[in-house]
Amino acid sequence: MENLARINGKTELVGLLATPIGHSLSPAMHNMAFDKLGLNCAYLAFEVGNEKLEDAVKGMRALNVKGFNVSMPNKMKILPYLDELADSAKFSGAVNTVVNIDGKFVGHSTDGMGYTRNLKEHGIDIKGKKMTLIGSGGAATPIAIQSALEGIAEISIFARDDAFFPQAEENVRIINEDMKHLNVKANVYPLENVERLRAEILTSDILANGTGVGMKPLEGLSVIQDESMLRPDLIVTDVVYIPRKSKLMEQAEAAGATAINGLGMMLWQGALAFELWTGQQMPVDYIKEQLF
Ligand code: SKM
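The structure displayed is predicted, hence computed values, not measured ones.

Draft legend 1. Representation of the overall build of the protein. On a plain count of helices and strands, the protein comes out with 10 helices and 13 strands. A compact globule built from 292 residues would reach a C-alpha radius of gyration of about 19 Å, and the protein, at 19 Å, matches this within 12%. Projected onto its principal axes, the C-alpha positions of the protein cover 60 × 40 × 35 Å. Looking at the 292 residues of the protein, the share that counts as buried comes to 52%. Within the protein, contacts between residues at least 6 apart in sequence are counted, and of these 69% link residues at least 24 apart. With an accessible surface of roughly 13,200 Å², the protein has 53% of that area assigned to carbon and sulfur atoms. Considering the protein, the positive charge centre built from 28 side chains and the negative charge centre built from 36 side chains are found 2 Å apart.

As structure tokens, this is what we get:
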């Protein structure tokens with residue numbers, strides 16, 4: 001339990017701007033870590049959507065907060081309100097962590113690194129592998145970019161053939177052109193092309209869901225309609241962590257595949273953000289023990 005008596009006139013604020021956000025694990029995770037390390041900081045979530053985002057960032061500046069996280073639906077919209085972007089944010093066009101450096105707001109994306117770090121914790125190195133990735137939004141994009149930066153060989157991105165499809169095409173263009181020196185082969189297909197999806201999964205080591213399908217309001221649904229697309233030597237990952245076992249995770253387990261839910265990615269993106277704000281390592285084992 002956090003020691004709230006430690007909050008005083010010098011406590012520094014770290015925030016989270018997102019909506020809906022009542023379900024978030026971040027406040028408990030960061031406050032426990034601050035408490036454990038004796039840091040005089042407090043983390044609070046604020047229900048903020050796109051319309052109030054600019055005002056909220058101005059408010060954060062006026063209050064001279066230590067930093068803050070950004071989650072859906074603000075990860076891409078926040079870019080114009082920041083002063084600088086780290087490479088992780090520049091390539092992915094998304095920010096989930098803002099650090100206040102002497103009044104300058106610097107945007108980072110720790111989601112992609114959180115994803116690959118979590119795979120490493122499961123003994124999986126993405127170097128040389130092929131991934132089929134579903135999605136092109138604020139979670140899927142950093143996964144694609146970071147996987148490319150860390151040496152994935154090929155990535156096939158599937159997205160619904162709607163207003164978001166151009167973002168999937170743009171992600172593939174960035175990997176094939178702007179990140180050409182990395183020699184990653186990126187492909188893009190509409191999610192409606194079920195036979196192509198089957199073929200790409202068949203030649204992939206990893207199938208990753210980077211969409212919110214499987215969590216509220218889409219709980220009970222999966223991006224995979226036909227379970228015969230899964231197999232025992234496939235690694236199936238989900239960004240969803242509420243519920244712990246999404247429909248996709250159930251399908252993966254039933255097929256004998258390795259199933260990795262979004263909890264580890266959530267933990268490690270937080271640990272990386274914590275380090276950016278405080279310069280100290282999050283006590284990850286303690287947090288896991290207390291919270292997960
Ligand atoms: O990228 C993270 C964000 O930093 C925090 C979060 C949450 O608290 O639910 C989810 C992800 O978007």
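Draft legend 2. Molecular detail of the nonpolar core. Of all hydrophobic cores here, the largest spans 30 residues; its most connected members are Tyr115, Met131, Leu133, Ile155 and Ile175. Here isoleucine 175 is in contact with Ala144, Ile145, Ala148, Ile155, Lys180, Val184 and Ala186, once residues within four sequence places are set aside. Core analysis: the second largest hydrophobic core is formed by 26 residues, Val14, Leu263, Ala271 and Phe274 among them.

Draft legend 3. Structural context of helix 8 (residues 247-254). The set of residues buried in helix 8 consists of Leu248, Met249, Gln251 and Ala252. On an axial view of helix 8, the arc spanned by its buried residues comes to 160°, and they lie on one face. Where the residues of helix 8 are buried, they touch strand 10 (206-209), strand 12 (235-238) and strand 13 (258-260). A positive backbone phi angle near 80° is found at glycine 256, which sits one or two residues after helix 8.

Draft legend 4. The arrangement of the site of the ligand in detail. The environment of the ligand is formed by Leu16, Ser24, Ser26, Asn69, Ser71, Lys75, Asn96, Asp111, Tyr241, Met266 and Gln269. Take serine 71: an N or O atom from its side chain is 2.7 Å from an oxygen atom of the ligand. Between an oxygen atom of the ligand and a side-chain N or O atom of lysine 75, the distance comes to 2.7 Å. Contact with the protein chains covers 92% of the free accessible surface of the ligand, which is 310 Å². When grouped by side-chain class, the residues that make up the shell around the ligand number three nonpolar, six polar and two charged.

Draft legend 5. Expanded view of the sheet that holds strand 9 (residues 185-190). Pairing is parallel in the open sheet, where six strands are placed in the order 9-8-7-10-12-13. Bordering the open sheet on either side are strand 9 and strand 13, each of which pairs with just one other strand. Mean inter-strand twist for the sheet, computed between neighbouring axes without regard to direction, equals 15°. Packing against the sheet, helix 5 (residues 140-149) makes contact with strand 7 (130-134) and strand 8 (154-159), and its axis sits at approximately 165° to strand 7.

Draft legend 6. Representation of the environment of leucine 53 within the structure. Inspection of the secondary structure puts leucine 53 in helix 2 (residues 50-62). Once the C-alpha coordinates of leucine 53 and aspartate 238 are considered, the two residues, 185 residues apart in sequence, prove to be 28 Å apart. Those residues in contact with leucine 53, other than ones at most four positions away along the chain, are Leu17, Val48, Asn74, Lys77, Ile78 and Tyr81.

Draft legend 7. Layout of the pattern of salt bridges. Applying the stated criterion across every chain, the model contains 20 salt bridges. Two residues, aspartate 35 and arginine 6, come together in a salt bridge whose shortest N-O distance is 3.2 Å. On the criterion of sequence distance, the pair formed by aspartate 35 in helix 1 (residues 26-37) and arginine 6 in the segment before strand 1 (12-18) is long-range, its members being 29 residues apart. Two residues, arginine 196 and glutamate 200, come together in a salt bridge whose shortest N-O distance is 2.7 Å. Of this pair, arginine 196 and glutamate 200 both sit in helix 7 (residues 194-202), four residues apart, roughly one helical turn. Within this structure, Lys130, Glu154, Lys185, Arg196 and Glu200 form a network of salt bridges that share partners.

Analysis parameters
Numbering of residues starts from 1 in every chain and runs along the sequence as written. It should be noted that, the model being predicted, local features are given only for residues of pLDDT at least 70 and side-chain atom pairs only at 80 or more, the latter also being counted only at that level, while totals for whole chains, interfaces and linings use all residues. As a convention, hydrogens and water are excluded, and side-chain values are obtained from all of the structure's heavy atoms. Put simply, DSSP H or I for four residues or longer makes a helix, DSSP E for two residues or longer makes a strand, and each gets a number counted from the N terminus. Every radius of gyration here is taken over C-alpha atoms, with the globule rule written as 2.2 Å times N^0.38, N being the number of residues. We call a residue buried when its accessible area falls under 20% of the maximum for its residue type, exposed when it is over 50%, and partly exposed in between, using a 1.4 Å probe and counting protein chains only. Contacts were defined at the residue level, with two residues in contact if any of their heavy atoms lie within 4.5 Å. For the area figures, the Shrake-Rupley method with a 1.4 Å probe applies, and any residue is considered shielded solely by the protein chains shown. Two residue types count as positive, namely Lys and Arg, and two as negative, namely Asp and Glu; His and chain ends fall outside the count. Every charge is mapped to an atom, namely NZ of Lys, CZ of Arg, CG of Asp or CD of Glu. Buried Ala, Val, Leu, Ile, Met, Phe, Trp, Tyr and Cys residues that are joined via side-chain atoms within 4.5 Å together make up what is termed a nonpolar core. Arc, as used here, means the arc of the directions from the helix axis to the C-beta atoms. For this description, a residue counts as near a given molecule or strand if any of its non-hydrogen atoms is within 4 Å of it. Any pair of N or O atoms that falls within 3.5 Å is considered a polar contact. Within protein, one atom must be able to donate a hydrogen and the other to accept it, and sequence-neighbouring residues count only if both atoms are side-chain atoms. When residues are sorted by character, Ala, Val, Leu, Ile, Met, Phe, Trp, Tyr, Cys and Pro go into the nonpolar class, Asp, Glu, Lys and Arg into the charged class, and all the rest, Gly among them, into the polar class. Only strands joined by at least two bridges in the DSSP assignment are considered to pair. The angle between two axes is taken between their N-to-C directions and runs from 0 to 180 degrees, where each axis is a line fitted to C-alpha atoms and a helix contributes only its stretch in contact. Salt bridges are defined by distance alone: a side-chain nitrogen of Lys or Arg within 4 Å of a carboxyl oxygen of Asp or Glu.

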